[in-house]
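# What the coordinates show
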Amino acid sequence: MFVVPDSLLLDAAQQINNRCSWRRYTSAQISQQLLEQLDDLITIINQYQQNFKIIRLTEAGNLLSPLYVQVIRGATNVIVFEVLNENRPLVDIQMGCLGELLVLQMTRLGLSTVWLGGDKFCFSSSDIKKRVGTQNSIPICIPFGYPVDPKVDIRKRKSKKDIAPEWTGSEEVFQLINRAPSAVNKQPYQFQLKDNKIYITPKDKSTNEYMSNWLDSGIAASHALLAMNLKQVSVAQNEVIIE
Ligand SMILES: Cc1cc2nc3c(=O)[nH]c(=O)nc-3n(C[C@H](O)[C@H](O)[C@H](O)COP(=O)(O)O)c2cc1C
């Protein structure tokens, strides 16, 4: 169980509809002041739990081009997630939930982002591991910066009957949760509202891969707590509970 720090929740719900994934970035520098604000948020997350650590890298564009075809273009700033403790699926859920709250705070600061789990395709986890000097897992990273052609492009999400067939809450809350990003936009879970709690059930409960359905469920959990003004996330055998 974990209770999300207040500083990550500040104005975050209002950012949900301002965020989308960006894959092309300009060469504009990010001010030192903005980077310090970001570092303060990263420190809060790192001090708050011991299961993973967020590391901010500069001049990291080379780590994002493992192939000739560059999927992510122009980004030089990247945050990476180093797994410190194989406490699963809790670490998956924490990386998803706290990571997405950080993404929404970055959106508030005017920065654009994209979650990346496509190791060897969109980034090289082995090169990142060499650069930060760890043997531990680097399952995901998030490039960030200023976007080329900034306009929010809202990708289609699943319908209510597919993702929340027993939904009894408001349309607004449903939409805020349904806007959560997920790997390949698969939204690999269902969610429902019961007694003012949100239950998110991943389709595949395995923890073989770090790009697990639990990670995507953790991302959705952050949207659920913002949409419902809740703070606590706990993990049961088959689901994530937000209350
Ligand atoms: C855990 C995770 C991993 C992702 N990995 C990649 C990736 O490797 N390459 C990529 O281009 N996009 C990646 N994405 C971005 C998703 O494709 C995107 O979030 C989804 O299509 C929804 O679009 P939106 O973020 O614009 O709302 C990833 C997203 C998540 C949440």
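Residues numbered from 1 in each chain as written. Predicted model: local features only at pLDDT ≥ 70, side-chain atom pairs only at ≥ 80, totals over all residues.

Going by what an unreviewed UniProt entry lists, the chain is known as TM nitroreductase and is assigned to Hexamita inflata.

### Describing the site of the ligand
Not every one of the 20 residues close to the ligand is listed here, only the nearest: W115, G117, G118, P181 and N185. Broken down by element, the shell around the ligand gets its largest block of residues, three residues, from helix α7 (residues 213-228). Here the shell around the ligand is built from residues that sort into twelve nonpolar, five polar and three charged. Each of domain 1 (2-145) and domain 2 (160-242) accounts for three or more of the residues forming the shell around the ligand. (Near = placed C-beta within 6 Å. Helix = DSSP H or I, 4+ residues; strand = E, 2+ residues; numbered from the N terminus. Nonpolar A, V, L, I, M, F, W, Y, C, P; charged D, E, K, R; others polar. Domains from an automatic or database assignment.)

### A short note on the nonpolar core
Among soluble globular proteins, nonpolar side chains are generally buried collectively. Of all hydrophobic cores here, the largest spans 68 residues; its most connected members are C141, F191, A221 and A224. With eleven residues, the top contributor of residues to this core is helix α3 (residues 90-108). Shared between two domains, this core holds at least three residues of each, these being domain 1 (2-145) and domain 2 (160-242). If we skip the residues at most four places from it in the chain, A221 touches I93, G96, C97, I200, V233, V240 and I242. (Core = buried A, V, L, I, M, F, W, Y, C linked by C-beta atoms within 7 Å. Buried ≥ 20, exposed ≤ 12 C-beta atoms within 10 Å, placed from the backbone. Contact = placed C-beta atoms within 7 Å.)

### A few points about the sheet that holds strand β9 (residues 240-242)
The five strands are arranged β1-β8-β9-β7-β6 in an open sheet whose pairing can be described as antiparallel. Every interior strand has two partners, whereas the edge strands, β1 (2-3) and β6 (189-194), have only one. Two elements, β1 and strand β8 (residues 232-235), share two bridges in a ladder whose sense is antiparallel. In the strand pairing of β8, V3 is matched with Q232. Sheet contacts for α3: β1, β8 and β9; angle to β8, the most-contacted strand, approximately 155°. With respect to the sheet, α7 is in contact with β6, β7 (197-202), β8 and β9, its orientation differing from that of β7 by roughly 165°. (Pairing = 2+ DSSP bridges. Axes fitted to C-alpha atoms, helices over the stretch in contact; angles between N-to-C directions.)

### Considering α7
Along its 16 residues, α7 runs 22 Å from first to last C-alpha, staying within 8% of the 22 Å computed at 1.5 Å per residue. Immediately beyond the C-terminal end of α7, within one or two residues, lies N229, with a positive phi of roughly 60°. (Expected span 1.5 Å × (residues − 1).)

### Brief notes about the domain arrangement of the chain
As assigned here, the chain comprises domain 1 (2-145) and domain 2 (160-242). Tallying the contact residues gives 24 residues for domain 1 and 26 residues for domain 2. Only β1 and α3 provide two or more residues apiece to the side of domain 1 that touches domain 2. Sort the elements by how many residues they give to the side of domain 1 that touches domain 2 and α3 lands first, with nine residues.

### Overview of the packing of helix α6 (residues 171-178) against α7
At a minimum axis separation of 8 Å, α6 and α7 run at an interaxial angle of 155°. Taken together, the axes of α6 and α7 are roughly antiparallel relative to one another. Viewed along their axes, α6 and α7 form a crossing whose handedness is right-handed. In this structure, α6 uses V173, L176 and I177 to contact α7, whose residues at the interface are A220, H223, A224, L226, A227 and M228. Residue classes in the contact of α6 with α7 are distributed as eight nonpolar, one polar and no charged. (Parallel < 35°, antiparallel > 145°, perpendicular 65-115°, else oblique. Left-handed = near helix turned anticlockwise from the far one by under 90°.)

### Regarding the packing of α3 against α7
At a minimum axis distance of 7 Å, the contact between α3 and α7 shows a crossing angle of 40°. Taken together, the axes of α3 and α7 are oblique relative to one another. In this structure, the crossing between α3 and α7 has a hand that is right-handed. Along its contact with α3, which presents D92, I93, Q94, M95, G96, C97, E100 and L101, the element α7 presents W214, L215, D216, S217, G218, I219, A221 and S222. Tallied by class, residues from the contact of α3 with α7 come to eight nonpolar, five polar and three charged.

### Topic: the sheet that holds strand β5 (residues 140-145)
Taken in spatial order, the four strands line up as β2-β3-β5-β4 in an open sheet, and their pairing is antiparallel. Two strands bound the open sheet, and with one partner strand each, they are β2 (52-57) and β4 (112-113). Where β4 lies against β5, two bridges are found, and the strand directions are antiparallel. Bridge pairing links S112 to G145 in β5.

### Concerning the pairing of β7
The pairing of β6 with β7 spans six bridges and is antiparallel. Its bridge partner lying in β7, K194 is registered against K197. Linking β6 to β7, which pair antiparallel, is a turn of two residues; within it D195 sits at a positive phi near 50°. Sheet topology note: the β7/β9 ladder contains three bridges and is antiparallel. Opposite Y199, over in β9, you have I241 as the bridge partner.

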